[in-house]
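Below are the chains, spelled out letter by letter.
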Amino acid sequence: MNVILLGPPGAGKGTQAQRLRENYGLMHLSTGDMLRHEIDKQTDLGLSIKEVMSKGGLVDDETVIGMIATVLEGPEARVGIILDGFPRTERQAIALDLMLKKRKVAIDHVIEIKVDDEALVKRISGRYMCKAKNCGASYNDFFKKPAVDGVCDVCGGSEFMRRPDDTEEAVRTRLKKYYHETMPIVPYYLEKGLLREVNGMLGIDKVTEQINALIEG
Ligand code: ADP
Ligand code: ADP
Ligand code: ZN
């Protein structure tokens, strides 16, 4: 099974992708995480995208398409994938179809997580992550604190971090990009009969329930 999670920044794509991975054994592919990894490692690519990412702009299509192509060629993607944050432009959507066709697989579900702008800004301004390597569990000042204050539920770590692009200004830019560059791919998947919506304004568990119902229905 191959699933695309579509939705604006802060909609809950990463949170729900993690659950899909646990529940269905799919591989979670986040282009945002891959790009941040390049920045952390200070690779040439990382250095070249650092500024555009911190301001909330999009990285160029060739770069992200190339990253996805590399993963799709490997054996791990065969179990099925959850795409989180890709495709984000029409060119990426078309490139994805070609890559999948070559491998004789297809997208089974495109799930759009709908959330109001003001709620998005609040979610993003409250977002923080566990800093431990190989953990990265996601928390929120307003919506999802760890069970014990200052201690990661997953790994017991006590160091956390925030993303440099989770400022209100960068979020506004990212929202604009979403409406101008990414929303135009909605009709593309609508025509293919793949697009389904879930109400992302509900709590995290309720959103998971809606997604599971779509997948299993
Ligand atoms: P995205 O990957 O779409 O940017 P995340 O999954 O990182 O979104 O979620 C953004 C922030 O909002 C995180 O801090 C997360 O804990 C929180 N969050 C996710 N889903 C919900 C929800 N349904 N209700 C409230 N907060 C949520
Ligand atoms: P969110 O969904 O919370 O906005 P992501 O982690 O998916 O965050 O993306 C963070 C940033 O990484 C984006 O603002 C953009 O700069 C870059 N990025 C991620 N995926 C893509 C993509 N498919 N195309 C272009 N840029 C991307
Ligand atoms: Zn942790």
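Here is what the cut-offs are and how they apply
- Residues numbered from 1 in each chain as written.
- Chains lettered and ligands numbered in written order.
- Predicted model: local features only at pLDDT ≥ 70, side-chain atom pairs only at ≥ 80, totals over all residues.
- Heavy atoms only, no water.
- Near = heavy atom within 4 Å.
- Polar contact = N/O pair within 3.5 Å; in protein donor to acceptor, adjacent residues only side chain to side chain.
- Areas by Shrake-Rupley, 256 points an atom, 1.4 Å probe, with all protein chains shown as cover.
- Pairing = 2+ DSSP bridges.
- Helix = DSSP H or I, 4+ residues; strand = E, 2+ residues; numbered from the N terminus.
- Axes fitted to C-alpha atoms, helices over the stretch in contact; angles between N-to-C directions.
- Core = buried A, V, L, I, M, F, W, Y, C linked by side-chain atoms within 4.5 Å.
- Buried < 20%, exposed > 50% of the residue type's maximum accessible area, 1.4 Å probe, protein only.
- Contact = heavy atoms within 4.5 Å.
- Phe/Tyr/Trp six-rings, centres within 6.5 Å; stacked < 30°, edge-to-face > 60°.
- Donors = N, O, S within 2.8 Å, 3.2 Å for Na, K, Ca; no water.
- Tetrahedral: all angles 85-135°; square planar, octahedral: opposite > 155°, others 65-115°.
- Nonpolar A, V, L, I, M, F, W, Y, C, P; charged D, E, K, R; others polar.

**Student:** Hey, could you go over the site of ligand 2 for me, with residue numbers and the actual values?
**Tutor:** Residues in contact with ligand 2 amount to 20 residues; listed here are only the nearest, Lys13, Thr31, Gly57, Gly85 and Gln92. Arg36 places a side-chain nitrogen or oxygen 3.0 Å from an oxygen atom of ligand 2. Here a nitrogen atom of ligand 2 and a side-chain polar atom of Arg88 are 3.1 Å apart. Computed on the free molecule, ligand 2 has an accessible area of 550 Å², of which 97% lies beneath the protein chains in the complex.

**Student:** How would you summarise the sheet that holds strand 3 (residues 81-84) if you had to cite specific residues and measurements?
**Tutor:** Spatially, 2-3-1-4-8 is the arrangement adopted by the five strands of the open sheet, whose pairing is parallel. Each edge of the sheet is formed by a strand with only one pairing partner; in this case those strands are strand 2 (27-30) and strand 8 (195-199). In this sheet, neighbouring strand axes are inclined to one another by 25 degrees on average, regardless of whether the strands run parallel or antiparallel. By the bridge criterion, three bridges tie strand 1 (residues 3-6) to strand 3 in an arrangement that is parallel. Across the sheet, residue Val3 finds its bridge partner in strand 3, namely Ile82.

**Student:** Can you break down the nonpolar core residue by residue, with the values?
**Tutor:** Among the nonpolar cores identified, the biggest contains 34 residues, and Leu83, Leu96 and Tyr189 are the most heavily contacted of them. Breaking this core down by element, the ones donating at least two residues are strand 1, strand 2, helix 2 (31-41), helix 3 (44-54), helix 4 (61-73), strand 3, helix 5 (90-102) and helix 8 (186-191). No other element matches helix 4, which puts six residues into this core. Among residues more than four places away in sequence, those in contact with Leu83 are Val3, Ile4, Leu5, Leu29, Ile68, Leu96 and Ile107.

**Student:** Describe the packing of aromatic side chains, naming the residues involved and giving the relevant values.
**Tutor:** All chains considered together, the criterion is met by six aromatic pairs. Geometrically, the ring pair formed by Tyr128 and Phe160 is edge-to-face, given 5.5 Å between the ring centres and 85 degrees between the ring planes. In this pair, Tyr128 is assigned in strand 5 (residues 127-130) and Phe160 in strand 7 (residues 160-161), connecting sequence segments 32 residues apart. Aromatic pair Tyr188 and Tyr189: ring centres 5.1 Å apart, planes at 85 degrees, arrangement edge-to-face.

**Student:** How would you sum up the coordination of the zinc ion (ligand 3)? Please name residues and give values.
**Tutor:** The zinc ion (ligand 3) binds to the protein through Cys130 (SG), Cys135 (SG), Cys152 (SG) and Cys155 (SG), with metal-donor distances spanning 2.3 to 2.4 Å. For the zinc ion (ligand 3), the four donor atoms in the first shell make angles of 101 to 112 degrees at the metal, so the coordination geometry reads as tetrahedral. Read in sequence order, the donor residues for the zinc ion (ligand 3) give the motif C-x4-C-x16-C-x2-C. According to the relative accessible area criterion, Cys155 is partly exposed, its value standing at 41%.

**Student:** How would you summarise the site of ligand 1 if you had to cite specific residues and measurements?
**Tutor:** Taken together, 19 residues surround ligand 1, and among them Gly10, Lys13, Thr15, Arg127 and Asn140 come closest. Between ligand 1 and Gly10, the relevant distance is 2.8 Å, taken from an oxygen atom to a main-chain nitrogen or oxygen of the residue. Taking Arg127, its side chain carries an N or O atom lying 2.6 Å from an oxygen atom of ligand 1. Contact with the protein chains removes 93% of the 570 Å² of surface that ligand 1 exposes when unbound. Elements with a minimum of two residues in the shell around ligand 1: helix 1 (13-24), strand 6 (138-140) and helix 9 (204-216). Split by residue class, the shell around ligand 1 holds eight nonpolar, eight polar and three charged.

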